[in-house]
Protein chains: 2
Amino acid sequence: MESSSIVAALSSLAQETRLAVFRTLVEAGPDGMAAGAIAERLKLPAPTLSFHIAQLERAGIVASRRAGRSIMYAAHFPAMQALIEALTESCCAGNPEACGFPKPKSKRRKVAA
Amino acid sequence: MESSSIVAALSSLAQETRLAVFRTLVEAGPDGMAAGAIAERLKLPAPTLSFHIAQLERAGIVASRRAGRSIMYAAHFPAMQALIEALTESCCAGNPEACGFPKPKSKRRKVAA
DNA sequence: ATGATATTTCGATATTTCCAAAATTATGGA
DNA sequence: TCCATAATTTTGGAAATATCGAAATATCAT
């Protein structure tokens, strides 16, 4: 993962409102939630939510799809996984096991068939 | 982990210079590096490094100790671990295995003797 | 088409963050 | 004590980010 992508992903989560939005979406599951429902749940004015969720989307942390008049947002788990792996790598690189994780060297290996 | 601590930790890493500093410190290992050495390595003016590394320290991501005239900074691995675990939890909560991690429910269990 | 609803974009302001030169503080050696 | 070195704090200005009302856009139902 590119250093700039890591920074972008971290930045997108490094804000109370956006972290709350992301958590709400994780809770909501793969189908996600409509923008309006998120705004209502978090008591956010629509433009404020829109501003923040756009950043999460730009960072690839959430995905959107239109459903009628609504726009459904959902957590994008692979991106989150990639971020966590990148952090783990950053953390452990050159210092294997310092982090206490099982496989510090390589990216998690695919399950052999 | 408190939501505000997560945001603080993420914010501290969500910046190119600070991420580079952190990585340098991970590479340096548990003994860490003197502020001046970090600044030289990353070609940063001393006040700029000081500004950024203070944020990493406030977030608990790095630790410092004085050694003579120098101040040694070192990555604080437990904090990084906690952050990664918090993210994993945020990511997986309510959606176990969506993230593809082995033990999605509880905090990593200690290695049985 | 017209109206109602859902959301985003625009615009203006307030706040925070970033940067680095200048000044300050802390430490150790002669 | 005086000097040199290592770092931080202060300072101030530029740039980026946050907030949210008003306006614009998109979609569906009639």
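On a predicted model such as this, the values are computed, not experimentally measured, just so you know.

1. Section: the sheet that holds strand β1 (residues 33–34) of chain B
All names here are of chain B.
- The strand order across the open sheet formed by three strands is β1-β3-β2, and the pairing between neighbours is antiparallel. Both edges of this open sheet fall to β1 and β2 (62–67), since each of them pairs with a single strand only.
- As paired strands, β1 and strand β3 (residues 70–75) are joined by two bridges and run antiparallel to one another. Its bridge partner lying in β3, Met33 is registered against Tyr73.
- Across the face of the sheet, helix α2 (residues 16–28) comes into contact with β1, β2 and β3 while running at roughly 90 degrees to β3.

2. Points about the packing of helix α1 (residues 3–13) of chain A against α2(B)
- Closest axis-to-axis distance for the α1(A)/α2(B) pair is 10 Å, and the angle between their directions is 110 degrees. Taken together, the axes of α1(A) and α2(B) are roughly perpendicular relative to one another. You can see that α1(A) and α2(B) cross each other, and the crossing is right-handed. Contacts between α1(A) and α2(B) pair Ser3(A), Ser4(A), Ile6(A) and Val7(A) from the former with Glu16(B), Leu19(B) and Arg23(B) from the latter.
- Per-class residue counts for the contact of α1(A) with α2(B) are three nonpolar, two polar and two charged.

3. What about unusual backbone geometry?
- Located in the positive-phi region is Lys43(A), a residue other than glycine, with phi close to 55 degrees.
- Look at Lys43(A) and you get exposed, because its relative accessible area is 74%.

4. Digging into the protein's contact with DNA strand D
- Around DNA strand D, a shell composed of 21 residues is seen, among which His52(A), Arg69(A), Gly36(B), Ser50(B) and Tyr73(B) lie nearest.
- If you look at DNA strand D and keep only atoms within 4 Å of the protein, 65% of those are sugar or phosphate atoms.
- A distance of 3.5 Å is found between a sugar or linking oxygen of DNA strand D and a side-chain nitrogen or oxygen belonging to Ser70(B).
- A per-element tally of the surface near DNA strand D places helix α4 (residues 46–58) of chain A first, with five residues.
- Classifying every residue of the surface near DNA strand D by side-chain character gives nine nonpolar, eight polar and four charged.

Rules used throughout
Residues numbered from 1 in each chain as written. Chains lettered and ligands numbered in written order. Predicted model: local features only at pLDDT ≥ 70, side-chain atom pairs only at ≥ 80, totals over all residues. Heavy atoms only, no water. Pairing = 2+ DSSP bridges. Helix = DSSP H or I, 4+ residues; strand = E, 2+ residues; numbered from the N terminus. Contact = heavy atoms within 4.5 Å. Axes fitted to C-alpha atoms, helices over the stretch in contact; angles between N-to-C directions. Parallel < 35°, antiparallel > 145°, perpendicular 65-115°, else oblique. Left-handed = near helix turned anticlockwise from the far one by under 90°. Nonpolar A, V, L, I, M, F, W, Y, C, P; charged D, E, K, R; others polar. Buried < 20%, exposed > 50% of the residue type's maximum accessible area, 1.4 Å probe, protein only. Near = heavy atom within 4 Å. Polar contact = N/O pair within 3.5 Å; in protein donor to acceptor, adjacent residues only side chain to side chain.

That's the geometry; what it means functionally is another story.
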